[in-house]
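Overview (structure and organization)
Spelled out, the chains give:
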Amino acid sequence: MANPYEDKSWTSSDGLSLHYRDYAGPDGYDGLPVVCLHGLTRNARDFARLAEHISETRRVIVPEMRGRGQSDYAPDSSTYHGGQYAQDVKVLLDELGIDKFISVGTSMGGLITMIFAAANPGRLAAVVMNDIGPEINPAGIERINGYVGQGRSYPTWVHAARSMCEVHGEAFPDFGLDQWLEMAKRTLVVSQNGRISYDYDMAIAEPFKKADNATPPNLWLAFEALRGVPMLLVRGELSDLLTPETVRQMAARNPAMTSVTVPRVGHAPTLDEPEAREAIDALLAKV
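Residues numbered from 1 in each chain as written. Predicted model: local features only at pLDDT ≥ 70, side-chain atom pairs only at ≥ 80, totals over all residues. Heavy atoms only, no water.

Focus: the sheet that holds strand β4 (residues 60–63)
Across the sheet, which stays open at both edges, the eight strands sit in the order β1-β2-β4-β3-β5-β6-β10-β11 with mixed pairing between neighbours. A strand with exactly one partner marks an edge of an open sheet, and here the two such strands are β1 (6–11) and β11 (257–262). Across this sheet, the average inter-strand angle for adjacent strands is 20°, counted without regard to direction. Bridging between strand β5 (residues 101–106) and strand β6 (residues 124–130) involves six bridges; their strand directions are parallel. Bridge pairing in β6 links Ser103 to Val127. Where helix α2 (residues 82–96) meets the sheet, its contacts fall on β1, β2 (17–23), β3 (34–37), β4 and β5, and the angle it forms with β1 comes to roughly 110°. (Pairing = 2+ DSSP bridges. Helix = DSSP H or I, 4+ residues; strand = E, 2+ residues; numbered from the N terminus. Axes fitted to C-alpha atoms, helices over the stretch in contact; angles between N-to-C directions. Contact = heavy atoms within 4.5 Å.)

Put into structure tokens, the structure is as follows:
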């Protein structure tokens, strides 16, 4: 079966070749595209099901940030930060002639969305923020620090899936082996030596682990750039990164925001859950 997308690339301002998936959407579609932005250790495969679903009615672009998937690894690890990712995305969208778009940002992808909005006012037509906000619970950061950049590898997919269950089991208590295998195949890749390893540059951990560097300073200011923009906030009921209090503050600052809680899921919902999918469809239908 043919892929529902084309693999394409663009060049960053500092010369890296970066990869994206382009789901064309319906024949002749020239409306607002959806841009899906992945999390810290993830890649374009994270949005495989959602992007295919949305592409029935719209064009979908799924960039892979520098240091992930098929995108080049950066020679300078200090460029692994939200401001640079937002700049990379801007270069891509400008090259494609996309002025206005809808963003779906999971975790780090949501941070990139806020930073992009602050630097490029008026370009976001609507936003889905997946389990992330301008304020991040330190407990979640500590947990991510515990696994990012460790460079583990595994002899089989089942070993990889079991390891993912050990690390992320509290966030997905209802997952069975099949679901852990699917998550492993979204996150890891068979490396040249035949072992299965994480599909990102381990050096992304270096800037992340520096004090106060995991999240940019005062993201509430960046969030203000999205005031009045139709927004859906998806929160995992068991999330250790996004607190209910932050959700309340976000709703108070953006009256155009609605939110949905995905039951018995932590950080971050896959966006394939019925509650999340229904809410995303409802937002897209309005834009």
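Regarding the pattern of salt bridges
Scanning the entire structure with this criterion turns up 18 salt bridges. A salt bridge links Asp272 to Arg186, with the nearest nitrogen and oxygen atoms 2.7 Å apart. Of this pair, Asp272 sits in the loop between β11 and α10 (274–286) while Arg186 sits in helix α6 (residues 177–187), placing them 86 residues apart in sequence. One continuous salt-bridge network, built from bridges that share partners, spans Arg49, Glu182, Arg186, Asp272 and Arg277. (Salt bridge = Lys/Arg side-chain N within 4 Å of Asp/Glu carboxyl O.)

Remarks on the side chain of Ser55
Along the chain, Ser55 falls in the loop between α1 (48–54) and β4. Relative accessible area serves as the criterion here: at 13%, Ser55 is assigned to the buried category. Here the side chain of Ser55 touches Glu52 through a polar contact of 2.8 Å, landing on its backbone oxygen. What Ser55 contacts, discounting residues up to four positions off in sequence, is Tyr23, Gly25, Pro26 and Val60. (Buried < 20%, exposed > 50% of the residue type's maximum accessible area, 1.4 Å probe, protein only. Polar contact = N/O pair within 3.5 Å; in protein donor to acceptor, adjacent residues only side chain to side chain.)

Overview of the environment of Glu206
Tracing the chain through its elements places Glu206 in helix α7 (residues 205–209). What makes Glu206 partly exposed here is its relative accessible area of 47%. Once the C-alpha coordinates of Glu206 and Val148 are considered, the two residues, 58 residues apart in sequence, prove to be 9.4 Å apart. In terms of polar contacts, Glu206 uses its side chain to reach the side chain of Ser77, at 2.7 Å.

Some details on the pairing of β1
Summarising the sheet, β1 and β2 pair through six bridges and their orientation is antiparallel. Following the sheet pairing, Asp7 is matched in β2 by Arg21. Between β1 and β2, which follow one another and run antiparallel, lie five residues, and Gly15 among them has a positive phi close to 90°.

Comments concerning the confidence of the model for the protein chain
Residues of the protein chain with pLDDT of at least 70 account for 98%, and the chain-wide mean is 96. At the low end of the mean pLDDT range in the protein chain sits α7, at 87; at the high end sits β3, at 99. (pLDDT = per-residue confidence, 0-100.)

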